[in-house]
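# Survey of secondary and tertiary structure
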Amino acid sequence: LIILCLGSLLTTVTWYWLDDVEFSKLPCPKKGPGKLSDICKGCRSRLRRKCNGFDTAIITQENTRIGTKLVYDGDEKKTLKVTREIFHVFAKEHPFETKRLDKCALVGNGGILTDSRCGKSIDSAKFVLRCNLPPLKSDYQEHVGVKTDLVTANPSILLKKYGSLMNRRRPFVESLQSYGNALLVLPAFSYSFNTDVSLRAAYTIEDSGSPAQPVFFNPGYLRNLSIFWRTEGLKPRRLSTGFIMTSLALEICDNVELYGFWPFGNHPYELYPLSNHYYDDMKVSPMHAMPAEFNILLRLHSEGVLKLHLGNC
Ligand code: CDP
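What comes next concerns the included structure.

Relative to the elements of secondary structure, arginine 238 occurs in the loop between helix H10 (219–231) and helix H11 (241–252). A distance of 3.0 Å separates polar atoms of two side chains, one belonging to arginine 238 and the other to aspartate 73. When residues no more than four places from it in sequence are discounted, the contact partners of arginine 238 are Asp73, Gly74, Ser190, Tyr191, Leu222, Met287, His288 and Glu293.

See the structure below:
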């Protein structure tokens, strides 16, 4: 009974936010009356101007030369000089289409996707982004789809699931088959302890002939993004992967549709308890502030900047 009451309270509060958004607090420039889409354009272009994820989110041989001193965004006291060997693993040029993509689906890992039947809807997007090498096949496909154009890979997964790639690499290579030739984005330069394992992942992919395309998050971009959202009042210790990818998707896609974003314990409509992820119940890192991020996503949704899917498809 207590769970049901709390769930229903949460739902009411959430829909109150949706219905009665305080536009003055939106992370978009305040403008006079106009079509919502005009206001939203301002928001996207501000992201592009201040963070320029299109050119800088991914390290390339064009934006990061040999000898550059990379400053780790998670620990600014640490730096790394780009050697010739590391430089050769960088992408040759930025990996995004120069023309903005018509429709992108960004898939968070929330338990809200369980039994959602959203697989077809997700797969119908032109570009599908996923977070943290999530499982797709068999039981999950109907609910989360399979198409993947970009997937992030947090080094903590490489550590836990693949023994930091210190021994046999085959299980890692086989697990990548689900993502075809997707871009595999590694935050190799967020913390110094992430670098070696991320480079091992990239070398493993190259050596095994896997079609996946390893690329690295640019720590300068991640720092700018964190500053951007800080000035909008969002101050977590670290932005969540899903929120980083939302910000990037807003720069590279005309229409951004979000699935699997619901950092709460009960289903928004039917109120039954949810696991944190659609595939496990691992708890949220205390570094993140997902409910505060979700509040911003709700505001962006109600402005028409992006579309949040919370119900079943
Ligand atoms: O790497 P991180 O811990 O940020 O993410 P994750 O747990 O692998 O989930 C990927 C993304 O989905 C998160 O970064 C959140 O943006 C979103 N998510 C959510 O909105 N609600 C949940 N219950 C779980 C994840």
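Here the narrative resumes, following the displayed structure.
Turning our eyes to something else, we now look at the nonpolar core. In terms of nonpolar packing, the biggest core is built from 50 residues, with Met245 and Leu308 touching the most fellow members. Broken down by element, the residue count for this core peaks at 7 residues, all from H11. Leaving out residues up to four positions away in the same chain, methionine 245 has contacts with Leu106, Leu129, Cys131, Leu150, Thr152 and Phe217.

As a further point, take the packing of aromatic side chains. Following the criterion strictly, the structure yields 15 aromatic pairs and no others. Ring geometry for phenylalanine 54 versus phenylalanine 96: centroids 6.3 Å apart, planes at 45 degrees, classification tilted. You can see phenylalanine 54 sitting in helix H3 (residues 53–56) and its partner phenylalanine 96 sitting in the loop between helix H4 (84–87) and strand E3 (101–107), a full 42 residues away along the chain. When its relative accessible area of 10% is taken as the criterion, phenylalanine 54 is described as buried.

The next point concerns the sheet that holds strand E9 (residues 307–308). Taken together, 7 strands build an open sheet; the order of strands is E7-E6-E5-E4-E3-E8-E9 and the sheet is parallel. The sheet is open, and its two borders are formed by strand E7 (213–216) and E9, each paired with just one other strand. As paired strands, strand E8 (residues 253–259) and E9 are joined by 2 bridges and run parallel to one another. Bridged to glutamate 257 within E9 is lysine 307. The sheet contacts of helix H9 (residues 192–208) involve strand E6 (183–186) and E7, and relative to E7 the element is tilted by about 155 degrees.

Going through the model one piece at a time under the given rule, you end up with 10 salt bridges. Among the ionic pairs, aspartate 75 bridges to lysine 78, the shortest N-O distance being 3.7 Å. Lysine 283 serves as the salt-bridge partner of aspartate 281, at 3.4 Å between the closest nitrogen and oxygen. Given the relative accessible area of 42%, aspartate 281 is considered partly exposed.

Moving on to the side chain of serine 210. Mapping serine 210 onto the fold places it in the loop between H9 and E7. Those residues in contact with serine 210 that lie beyond four places of it in its chain are Leu176 and Ile205.

Let us look at the packing of H11 against helix H12 (residues 290–303). Running from amino to carboxyl end, H11 crosses H12 at an angle of 25 degrees, the nearest separation of the two axes being 11 Å. In this view, H11 runs roughly parallel relative to H12, as classed from their interaxial angle. In terms of crossing hand, the pair formed by H11 and H12 is left-handed. Along its contact with H11, which presents Phe243, Thr246 and Leu250, the element H12 presents Glu293, Ile296, Leu297 and Leu300.

Two faces belong to every sheet, and in a regular strand the side chains alternate between them. By the alternation rule, side chains of E6 split into Leu183 and Val185 and Leu184 and Leu186, which are all buried. Summarising the sheet, strand E5 (residues 150–152) and E6 pair through 3 bridges and their orientation is parallel. Looking across to E6, one finds that valine 151 is bridged to leucine 184. Both E6 and E7 contribute to a ladder of 4 bridges, which runs parallel. Paired with leucine 183 across the bridge in E7 is glutamine 213. At this point the chain moves from E6, through H9, to the parallel E7, and the crossover so formed is right-handed.

A word on the site of the ligand. Close to the ligand lie 18 residues; Asn132, Thr241, Gly242, Asn276 and His277 are nearest. Between histidine 288 and the ligand, the recorded distance is 3.2 Å, taken from a side-chain N or O atom to an oxygen atom. Out of a free accessible area of 510 Å², the ligand has 92% covered by protein chains. Here the element with the most residues in the shell around the ligand is H11; it accounts for 3 residues. Each residue belonging to the shell around the ligand can be placed in one class, and the counts come to 6 nonpolar, 12 polar and no charged.

Basis of the calculations
Residues numbered from 1 in each chain as written. Predicted model: local features only at pLDDT ≥ 70, side-chain atom pairs only at ≥ 80, totals over all residues. Heavy atoms only, no water. Helix = DSSP H or I, 4+ residues; strand = E, 2+ residues; numbered from the N terminus. Polar contact = N/O pair within 3.5 Å; in protein donor to acceptor, adjacent residues only side chain to side chain. Contact = heavy atoms within 4.5 Å. Core = buried A, V, L, I, M, F, W, Y, C linked by side-chain atoms within 4.5 Å. Buried < 20%, exposed > 50% of the residue type's maximum accessible area, 1.4 Å probe, protein only. Phe/Tyr/Trp six-rings, centres within 6.5 Å; stacked < 30°, edge-to-face > 60°. Pairing = 2+ DSSP bridges. Axes fitted to C-alpha atoms, helices over the stretch in contact; angles between N-to-C directions. Salt bridge = Lys/Arg side-chain N within 4 Å of Asp/Glu carboxyl O. Parallel < 35°, antiparallel > 145°, perpendicular 65-115°, else oblique. Left-handed = near helix turned anticlockwise from the far one by under 90°. Right-handed = clockwise from strand over helix to strand, strands pointing away. Near = heavy atom within 4 Å. Areas by Shrake-Rupley, 256 points an atom, 1.4 Å probe, with all protein chains shown as cover. Nonpolar A, V, L, I, M, F, W, Y, C, P; charged D, E, K, R; others polar.

No statement about biological role is implied by the geometric values presented.
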